[in-house]
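Chain residues, written in single-letter form:
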Amino acid sequence: MSIDQKLSNNIHSHISIDGLVIAKFSRSVFEEMQLGKITAANCTCSVWENFNETIDKLTVWNDHFRQNSDIICHVKSSTDIIKAHKDGKVGIILGWQNTSAIEDDINKLEIFYDLGIRVAQLTYNTQNLVGSGCWETNDGGLSDFGKDVVSEMNRLGILIDLSHVGPITSSDTIKFSKSPVAYTHCCPAIKKHPRNKTDDQLKEIANKGGMIGFASYTPFLPKGPDSNIDDCVEAMEYLINIVGEDSVGIGTDWVQDQDISFFEYLQKDKGTGRFVTTPYKVVPPMPKGISKLSQFQNFVPAMDRAGWSTKRIEKILGKNWFLFFKQIWKEEAN
């Protein structure tokens, strides 16, 4: 019996959720996601953009939803994820990697919530009005304005993401937030990198009920571009040994079809300033075995090779994210 056949037939059976995709979204990318049987994914629609620019991005997404309604749908609730699963579509969770879209007005959060934003990272690499990013020289922690933002996100039911956030600002947020928060896409500190999280950071977020999405992004992994899918599963096992299998999911950080100019935009402070990291010369490859979104299900046999139980595979593949989203999005748990 194959591992696919071993997966149970309950409502969570083979739900696959990706905690972060920042691809160059198009019909071909959506088709790849469908081939990979990705039930739902947190898809970035704002990084450095301000209010008006983010609204423009959302109008593009509205076009995507209309033109590709046969294969994608807009996810605003856990019920939408279940429907996407039953319909064989890819559920798109619209998310941010920064809070620049609200500018200096927390009231704009509710506008974006009404437009379908369900995940928002507080800072992207550097300093903003909310707090400090992981590449900021001095992490000043969560600002008073940042506390107001966190409280409003708690009230609305928007998931707070700390993946690119500085360690002090992250710790402040974990302590202050009334709802659990997440690292939607990160690696443990198996390699020294400002984006990787120490064991203590991982325990801190998990101990408050938070989630950690493993990022299969080769710059974060010890073997770099030579990494393969089995290395990813090994790193996920490291995570599980630190925080337990109920607090871990996948957040690939897939950048499919993006070019080097997009990375220059990401790596510059506010998108236009100094490079905050050494500029990439080429787009970093994904690990061997999961080079494309259509290969998402390759995680399953790799987990099986590692000796994981069917129950654990089901949790990491998507069940943990599903139950976590249901909790944060103001819905009753199963």
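All values derive from a computational prediction rather than experimental measurement.

**Let's talk about the confidence of the model for the chain**
Right, on to step 1. Model confidence for the chain is summarised by a mean pLDDT of 95, while 95% of its residues fall at 70 or above.
Right, on to step 2. The element-level mean pLDDT for the chain is lowest in helix H1 (residues 3-6), coming to 60, with strand E6 (residues 159-161) highest at 99.

**Digging into the pattern of salt bridges**
Two side chains bearing opposite charge may form a pair once their charged atoms approach each other closely.
Right, on to step 1. In this structure the tally under the stated criterion is 17 salt bridges.
Right, on to step 2. Asp87 is the partner of Lys83 in a salt bridge, and the nearest nitrogen-oxygen pair spans 2.7 Å. Of the two residues, Lys83 and Asp87 are both situated in helix H4 (residues 78-87); the distance of 4 residues between them amounts to about one turn of the helix.
Right, on to step 3. Accessibility expressed as a relative area gives 41% for Asp87, which makes it partly exposed.

**Comments concerning the packing of aromatic side chains**
Right, on to step 1. This model, assessed by the stated rule, comprises 16 aromatic pairs.
Right, on to step 2. Judged by centre distance (5.3 Å) and plane angle (65 degrees), the ring pair of Phe51 and Phe112 falls under edge-to-face. Of the two residues, Phe51 sits in helix H3 (residues 51-67) while Phe112 sits in helix H5 (residues 108-114), which places them 61 residues apart along the sequence.
Right, on to step 3. Ring plane angle 5 degrees and centroid distance 4.6 Å describe the contact between Phe325 and Trp329, whose orientation is recorded as stacked.
Right, on to step 4. For Trp329, a relative accessible area of 4% corresponds to the buried category.
Right, on to step 5. Among the aromatic residues, those joined into a ring-pair cluster are Phe25, Phe30, Trp61 and Phe65.
Right, on to step 6. The positively charged end of Lys108 is found above the aromatic ring belonging to Phe51, 4.7 Å away from the centroid.
Right, on to step 7. Over the aromatic face of Trp308 sits the side chain of Arg312, whose NZ or CZ is 5.3 Å from the ring centroid.

**Side note on the layout of surface pockets**
A probe matching the size of a water molecule, rolled over the atoms, marks out where space remains unfilled.
Right, on to step 1. What the largest pocket holds in volume is close to 300 Å³.
Right, on to step 2. Taken together, 18 residues make up the lining of the largest pocket; nearest its centre are Tyr124, Asn125, His164, Tyr217 and Tyr280.
Right, on to step 3. Grouping the constituent residues of the lining of the largest pocket by class yields 10 nonpolar, 6 polar and 2 charged.
Right, on to step 4. In this structure, the second largest pocket occupies an estimated 240 Å³ of space.
Right, on to step 5. Of all the secondary-structure elements, those providing two or more residues to the lining of the second largest pocket are strand E2 (40-46), H3 and helix H10 (260-267).
Right, on to step 6. No other element matches the 4 residues that H3 contributes to the lining of the second largest pocket.
Right, on to step 7. For the lining of the second largest pocket, the residue count by class is 9 nonpolar, 4 polar and 3 charged.

**Some remarks on the nonpolar core**
Right, on to step 1. With 84 residues, the main nonpolar core has Met33, Ile92, Leu122, Met236 and Phe299 as its most contacted residues.
Right, on to step 2. Looking at this core element by element, the count peaks at 8 residues for helix H9 (residues 229-243).
Right, on to step 3. In terms of nonpolar packing, the next biggest core, distinct from the first, is built from 17 residues, Ile15, Ile93, Trp321 and Ile328 among them.

What counts as what
- Residues numbered from 1 in each chain as written.
- Predicted model: local features only at pLDDT ≥ 70, side-chain atom pairs only at ≥ 80, totals over all residues.
- Heavy atoms only, no water.
- pLDDT = per-residue confidence, 0-100.
- Helix = DSSP H or I, 4+ residues; strand = E, 2+ residues; numbered from the N terminus.
- Salt bridge = Lys/Arg side-chain N within 4 Å of Asp/Glu carboxyl O.
- Buried < 20%, exposed > 50% of the residue type's maximum accessible area, 1.4 Å probe, protein only.
- Phe/Tyr/Trp six-rings, centres within 6.5 Å; stacked < 30°, edge-to-face > 60°.
- Lys NZ or Arg CZ within 6 Å of the ring centre and 35° of its normal.
- 1 Å grid on protein atoms, 1.4 Å probe; cavity = no way out; pocket = protein on both sides within 12 Å on 5 of 7 lines; lining within 4 Å.
- Points joined across faces, edges and corners; volume = space filled by probe spheres on them.
- Nonpolar A, V, L, I, M, F, W, Y, C, P; charged D, E, K, R; others polar.
- Core = buried A, V, L, I, M, F, W, Y, C linked by side-chain atoms within 4.5 Å.

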